[in-house]
Amino acid sequence: MTKPPPSAAAALAQVPTAPLPLHPAAPGVHRMNSDRLFGGAQELQIEHRGALYRLKQTALGKLILTK
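Residues numbered from 1 in each chain as written. Predicted model: local features only at pLDDT ≥ 70, side-chain atom pairs only at ≥ 80, totals over all residues. Heavy atoms only, no water.

(A) Just the overall build of the protein, in detail. Check the secondary structure of the protein and you find 2 helices and 3 strands. Going residue by residue from the N terminus, the α and β elements of the protein occur as α-α-β-β-β. If you take every contact in the protein between residues at least 6 apart in sequence, the share linking residues at least 24 apart comes to 2%. In the structure as shown, the protein presents an accessible area of about 6500 Å², 60% of it carried by carbon and sulfur atoms. (Helix = DSSP H or I, 4+ residues; strand = E, 2+ residues; numbered from the N terminus. Contact = heavy atoms within 4.5 Å. Areas by Shrake-Rupley, 256 points an atom, 1.4 Å probe, with all protein chains shown as cover.)

This is the structure in structure tokens:
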């Protein structure tokens, strides 16, 4: 097996190595990490079309949305 020419090796070194998301968001869909969304809180209150919803984290790490 031969080594690639130096120019190809240099090009490969420039390729980002960060992992890609497992499930990229579809076009028109916003994706946010829940840790960032909750900011350390256990509950969020979401106002949607005049109604108030509560998004809570359970002790097991599940999410519950109630109106």
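(B) Just the sheet that holds strand β1 (residues 43-48), in detail. With antiparallel pairing, the 3 strands of this open sheet are ordered in space as β1-β2-β3. Because the sheet does not close on itself, it has two edges, and the strands there are β1 and β3 (63-66). Recorded for the sheet is a direction-independent mean angle of 20° between the axes of neighbouring strands. Sheet topology places strand β2 (residues 51-57) next to β3; 4 bridges connect them, and they run antiparallel. Among the inter-strand pairings, L55 is bridged to a residue of β3, identified as L65. (Pairing = 2+ DSSP bridges. Axes fitted to C-alpha atoms, helices over the stretch in contact; angles between N-to-C directions.)

(C) Just the pattern of salt bridges, in detail. Counted by the stated rule, this structure contains 1 salt bridge. Between R54 and E43 there is a salt bridge; the shortest N-O distance is 2.9 Å. Within this pair, whereas R54 is found in strand β2, its partner E43 is found in strand β1, the two being separated by 11 residues in sequence. For R54, a relative accessible area of 33% gives the class partly exposed. (Salt bridge = Lys/Arg side-chain N within 4 Å of Asp/Glu carboxyl O. Buried < 20%, exposed > 50% of the residue type's maximum accessible area, 1.4 Å probe, protein only.)

(D) The pairing of β2, seen in detail. Where β1 meets β2, 6 bridges bridge the pair, whose relative direction is antiparallel. Residue pairing in the sheet places E43 in a bridge with K56 of β2. Following β1, the chain reverses through 2 residues before pairing antiparallel with β2; R49 in that reversal takes a positive phi of roughly 50°. Taken together, β2 and the strand that follows it, β3, pair antiparallel across an intervening segment of 5 residues, in which G61 is found at a positive phi of about 85°.

(E) Expanded view of the environment of K62. With respect to the secondary-structure elements, K62 resides in the loop between β2 and β3. Overall, the relative accessible area of 56% leaves K62 in the exposed class. Setting aside chain neighbours within four positions, we find K62 in contact with K56 and Q57.

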